[in-house]
Amino acid sequence: MKPYKRGILLVIKVSLLLFAVVVGIKCLTDPAYNKYGGFLAGLVLPFLPEVIEKIYKCKFTFRISLLYYAFLFVALDMGICMDLYRLWPFFDKIVHFLSGVFSALVGHYALVYFKTNKSPKVFKAMFIMFFSMAIAVMWEFFEFACDKFLGQSMQQLISVGVDDTMFDLLAATLGAGLGGWLLTIPNFIEYLEAE
């Protein structure tokens, strides 16, 4: 990756981290602003690409990294911290759909890491989809833990019950299906990985 592109990504990552710090300070100074889940995710998730690169011995391109950081800004900063999930009812489902697509990409890199290039396309698509669905379930566990232990309402349990969780999982599954299908199209991953 060219140095100026690395510089752009570093500025974006630092901006995301600074936003998380501001959210953390606001949580401490304003008891009504209970966004600890957004604060915690904002501190950890900007480093996820490096963790995935180390585990799967892959390199994310500028394009993939830029899309990921844009997704984090939309999902965490705009959605959780700026309350767009409450202002726009379908915003949450769009974000969960996109999370399914992004986690499908991680599933693709898991397949590459385990050298399954000779596996049938159907197996690859199914693995990617189920991998992505597992990530969606883990996120719902995170939301549940924030609600129970930090007194938040990430799952909106009082107003909609289990509907929010189920529709989140459905949206993520549809995104995972799309991601799994796209990643089996010849040359699609090469487009994403192109500098």
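Residues numbered from 1 in each chain as written. Predicted model: local features only at pLDDT ≥ 70, side-chain atom pairs only at ≥ 80, totals over all residues. Heavy atoms only, no water.

Q: What am I meant to see in the overall build of the protein here?
A: When you go through the protein residue by residue, the secondary structure sums to ten helices and zero strands. Going from N to C terminus, the protein has its helices and strands arranged as α-α-α-α-α-α-α-α-α-α. Relative to its length of 195 residues, the protein is compact, with a C-alpha radius of gyration of 17 Å against a globular reference of 16 Å. Judged by the C-alpha coordinates and their principal axes, the protein covers about 55 × 40 × 25 Å. Here the protein holds 195 residues, and 40% of them are scored as buried. The long-range fraction of contacts in the protein, counting pairs at least 24 apart against all pairs at least 6 apart in sequence, stands at 69%. With an accessible surface of roughly 11100 Å², the protein has 76% of that area assigned to carbon and sulfur atoms. (Helix = DSSP H or I, 4+ residues; strand = E, 2+ residues; numbered from the N terminus. Rg over C-alpha atoms; globule rule 2.2 N^0.38 Å. Buried < 20%, exposed > 50% of the residue type's maximum accessible area, 1.4 Å probe, protein only. Contact = heavy atoms within 4.5 Å. Areas by Shrake-Rupley, 256 points an atom, 1.4 Å probe, with all protein chains shown as cover.)

Q: Can you help me understand the packing of aromatic side chains in this one?
A: Geometry of an aromatic ring pair is reported as the spacing of the ring centres plus the angle between the planes. Under the definition given, this model contains ten aromatic pairs. Geometrically, the ring pair formed by Tyr113 and Phe114 is edge-to-face, given 4.9 Å between the ring centres and 80° between the ring planes. You can call Tyr113 partly exposed: its relative accessible area is 32%. By relative accessible area, Phe114 is classed as exposed at 56%. Grouped by ring-pair contacts, the aromatic residues Tyr56, Tyr113 and Phe114 constitute a single cluster. The ring of Tyr191 is capped by Arg63, whose NZ or CZ atom sits 4.4 Å from the centre of that ring. (Phe/Tyr/Trp six-rings, centres within 6.5 Å; stacked < 30°, edge-to-face > 60°. Lys NZ or Arg CZ within 6 Å of the ring centre and 35° of its normal.)

Q: Sorry if this is basic, but what is going on with the environment of Leu18 here?
A: Mapped onto the fold, Leu18 is located in helix α1 (residues 3–29). Take Leu18: its relative accessible area is 52%, and that puts it in the exposed class. When the C-alpha positions of Leu18 and Leu28 are compared, they lie 15 Å apart, and in sequence the two are ten residues distant.

Q: It is not clear to me how the pattern of salt bridges should be interpreted in this structure. Could you clarify?
A: Pairs can form between side chains of opposite charge once their charged atoms are near each other. All chains considered together, the criterion is met by six salt bridges. Note that Lys13 and Glu50 form a salt bridge whose closest N and O atoms lie 2.2 Å from each other. Separated by 37 residues along the polypeptide, Lys13 in helix α1 and Glu50 in helix α3 (residues 48–56) bring together distant segments of the chain. Here Lys13 falls in the buried class, since its relative accessible area comes to 11%. Linking Arg86 and Asp83 is a salt bridge whose minimum nitrogen-to-oxygen distance equals 3.9 Å. What you see here is one network of salt bridges that share partners, running through Lys35, Asp83 and Arg86. (Salt bridge = Lys/Arg side-chain N within 4 Å of Asp/Glu carboxyl O.)

Q: Would you explain helix α7 (residues 121–150) in this entry?
A: Each turn of an α-helix holds 3.6 residues, which means side chains three or four residues apart point in the same direction. The end-to-end C-alpha separation of α7 is 43 Å, in line with the 44 Å expected for 30 residues at 1.5 Å each. Just downstream of α7 lies Gly151, where phi reads positive at about 70°. (Expected span 1.5 Å × (residues − 1).)

Q: Hey, could you run me through the nonpolar core in this one?
A: Grouped burial of nonpolar side chains is what soluble globular proteins tend to show. In this structure, Tyr69, Leu72, Tyr85 and Val95 are the most contacted members of the largest nonpolar core, which totals 19 residues. Looking at which element gives the most residues to this core, the answer is helix α4 (residues 62–81), with nine residues. In this structure, Tyr85 is in contact with Ala75, Gly79, Ile80, Phe91, Asp92 and Val95, ignoring residues within four places of it in sequence. If you look at the next biggest cluster of nonpolar residues, it comprises 15 residues, including Tyr56, Ile64, Leu105 and Leu111. (Core = buried A, V, L, I, M, F, W, Y, C linked by side-chain atoms within 4.5 Å.)

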